[in-house]
Amino acid sequence: MFARAFYGIRGANLPALLRAFIACGWFGIQTWIGGQAIYTIVGELAGSGWSNAATISGQPWTLWLSFLFFWALQMWLIWRGIEGLRRFENWAAPLVTVAFLALMIAILVKAGGLGPILDQPSKLGWDADFWKIFAPALMGMIAFWATLSLNMPDFTRFGKGQRQQILGQIIGLPTTMSFIALVSIITTSGTVLVYGSAIWDPVELTTKFESPVVVTIGLVMAILATMSCNVAANVVSPSYDFANALPRFLNFRTAGLLTGIIGIVIQPWRLIAARRSTSSSGSRSTAACSPRWRVYSSRGTGSSTRRISSWPGCTCRGAATGTTRAGTGELWWRPLSGPYWPLAGRTRRRGLARSRRTG
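Rules behind the numbers
Residues numbered from 1 in each chain as written. Predicted model: local features only at pLDDT ≥ 70, side-chain atom pairs only at ≥ 80, totals over all residues. Heavy atoms only, no water. Helix = DSSP H or I, 4+ residues; strand = E, 2+ residues; numbered from the N terminus. Contact = heavy atoms within 4.5 Å. Areas by Shrake-Rupley, 256 points an atom, 1.4 Å probe, with all protein chains shown as cover. Patch = residues over 30% accessible without salt bridge, like charges linked within 9 Å, V, L, I, M, F, W, Y side chains within 5 Å. Salt bridge = Lys/Arg side-chain N within 4 Å of Asp/Glu carboxyl O. Buried < 20%, exposed > 50% of the residue type's maximum accessible area, 1.4 Å probe, protein only. pLDDT = per-residue confidence, 0-100. Polar contact = N/O pair within 3.5 Å; in protein donor to acceptor, adjacent residues only side chain to side chain. Expected span 1.5 Å × (residues − 1). Phe/Tyr/Trp six-rings, centres within 6.5 Å; stacked < 30°, edge-to-face > 60°. Core = buried A, V, L, I, M, F, W, Y, C linked by side-chain atoms within 4.5 Å. Axes fitted to C-alpha atoms, helices over the stretch in contact; angles between N-to-C directions. Left-handed = near helix turned anticlockwise from the far one by under 90°. Nonpolar A, V, L, I, M, F, W, Y, C, P; charged D, E, K, R; others polar.

Caption draft 1: Broad picture of the overall build of the protein. When you go through the protein residue by residue, the secondary structure sums to 15 helices and seven strands. Taking the intrachain contacts of the protein between residues at least 6 apart in sequence as the baseline, contacts between residues at least 24 apart amount to 72%. Total accessible area on the protein stands at roughly 20,200 Å², and carbon and sulfur atoms take up 64% of it.

Caption draft 2: Spatial organisation of a nonpolar patch on the surface. On the surface, W126, W131, F134, L138, M139 and I142 cluster together into a nonpolar patch covering about 700 Å² of accessible area. Among the secondary structure elements, I142 is positioned in helix α7 (residues 128-151). Overall, I142 belongs to the partly exposed group, its relative accessible area being 47%.

Caption draft 3: View of the confidence of the model for the protein. Taken residue by residue, the protein gives an average pLDDT of 74. The fraction at 70 or more is 74%. Across the protein, the secondary-structure element scoring lowest on mean pLDDT is strand β6 (residues 331-332), at 33, and the one scoring highest is helix α4 (residues 61-79), at 93. Across residues 300-305 the pLDDT falls below 50, and counting only partners more than four positions away or on other chains, this stretch makes ten contacts in the model. In this model residues 311-359 is a low-confidence stretch, pLDDT under 50, and it forms 115 contacts with partners more than four residues away in sequence or in other chains.

Caption draft 4: Geometry of the pattern of salt bridges. Under the criterion given, the structure shown has four salt bridges. Between D129 and K132 there is a salt bridge whose closest N-O contact spans 4.0 Å. You can see D129 and its partner K132 sitting in helix α7, three residues apart, about one turn around the helix. What makes K132 exposed here is its relative accessible area of 59%. Within the structure, one salt-bridge network assembled from shared partners comprises E83, R86 and R87.

Caption draft 5: Structural context of the environment of F70. Relative to the helices and strands, F70 is located in helix α4. Relative accessible area serves as the criterion here: at 0%, F70 is assigned to the buried category. For the pair formed by F70 and T31, sequence separation is 39 residues and the distance between their alpha carbons is 6.6 Å. Once you skip the residues sitting within four places of it in the chain, F70 turns out to touch Q30, T31, G34, G35, I38, I223, T226 and M227.

Caption draft 6: Looking closely at the side chain of T207. With respect to the element layout, T207 can be found in the loop between α10 (202-206) and α11 (212-234). At 2.5 Å, the side chain of T207 forms a polar contact with the backbone oxygen of E204. Setting aside its immediate chain neighbours within four residues, T207 contacts T40, I41 and E44.

Caption draft 7: Helix α5 (residues 81-111), seen in detail. Here α5 is 31 residues long and its end C-alpha atoms lie 44 Å apart, about the 45 Å a rise of 1.5 Å per residue gives. Within α5, burial applies to G81, G84, L85, F88, A92, V96, A99, L103, M104, I107, L108 and A111. Just downstream of α5, G112 is the residue with a positive phi angle, here 90°.

Caption draft 8: Focus on the packing of aromatic side chains. Evaluation of the coordinates by the stated rule reveals eleven aromatic pairs. Judged by centre distance (5.1 Å) and plane angle (45°), the ring pair of Y240 and F252 falls under tilted. Of this pair, Y240 sits in helix α12 (residues 236-245) while F252 sits in helix α13 (residues 252-265); the two residues are twelve residues apart in sequence, bridging distant segments of the chain. Here the aromatic cluster, defined as three or more aromatic residues joined through ring pairs, consists of W32, W64, F67 and W269.

Caption draft 9: Structural view of the nonpolar core. Grouped together as the largest cluster of nonpolar side chains are 35 residues, with contacts concentrated most on I78 and F88. Those elements that provide at least two residues to this core are α2 (13-46), α4, α5, α11 and α12. Beyond its immediate sequence surroundings of up to four residues, F88 is in contact with L77, L224, M227 and S228.

Caption draft 10: Representation of unusual backbone geometry. Despite not being glycine, S57 shows a phi value in the positive range, around 55°. Examined against the element boundaries, S57 turns out to sit in the loop between β1 (55-56) and β2 (59-60). Residue class for S57 comes out exposed when judged on its relative accessible area of 69%. Here Q267, not a glycine, exhibits a phi torsion of approximately 55°, which is positive. Summarising the element assignment, Q267 is placed in the loop between α13 and α14 (268-273). Relative accessible area serves as the criterion here: at 29%, Q267 is assigned to the partly exposed category.

Caption draft 11: Quick peek at the packing of α12 against α13. At a minimum axis separation of 8 Å, α12 and α13 run at an interaxial angle of 115°. Both α12 and α13 take part in a crossing whose hand is right-handed. The segment α12 lies against α13, with V236, P238, S239, Y240, F242 and A243 engaging F252, A255, G256, L258, T259 and I262. The class makeup of the residues in the contact of α12 with α13 is nine nonpolar, three polar and no charged.

So this is what it looks like as structure tokens:
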């Protein structure tokens, strides 16, 4: 909406596509990691014949098979549409939560409870070593939450009203993020006592168990956790962006398939092998996208006076004419379900938002 107000209907595709290509890259990386998880855990069950298979392009063919299987599984999910994704998330999220709790409890039992974990001395303290990593860690968390804030409209547009959106974001994000962070800290700290080193990867931790049943459940949970995160964060957004840019040729499903193909074309296994390249590419992408955000913020809160016309999918408070001045706090967007938002294949060619100078 704001991109169209400041760049125009066609110009808004530029920042949207920049974000879409970044998401495609991360989709490929997460899919490769998910394939590695399948390869590792199946290797624990199937034995050395799976893990030591013949190599193709430097990787075991079983790893390529795991990667393509996981890619196809996510494409099948996105092909079912946003409603199918909603149903998947509704039952996958509680299962993954229960699995994380079970893993934490198992580590706590082996470690002898919370007492030994809490008795461990601090590794950093409050000296200079702490402040060296504080700023990068803070910037990393800001970037993480900024990504989620960009992805929120892809789902909140289907809310019944502004109140439902606010409640969903307040209940859904801070509570679950705090819970998962706490469980992860306790579990990883417990592995230091149990195994002598910090194991943060749940797949690697699952392989430490001897029971085939536990390993199998860990495989399923790893697939569900990675799928639920990767599809929601890195496929839905570019699918909408590509479909909005080319509404004659793409809809939500075909744009999702295009996202998956781009995720393979970028060769994520090479990006992961060269982590410095991945980091520098992310920095360059951020540098390319950040000026667009500065345009949004400066135009929305700056001294220039603008009017943004609304359409039936918006409600404006304090503006009887259906327009409001940007930066005054009078505009309350309430995305509604239906054709008013630029859904895949329903993008309107005429101006959904117009920006004009007022005297």
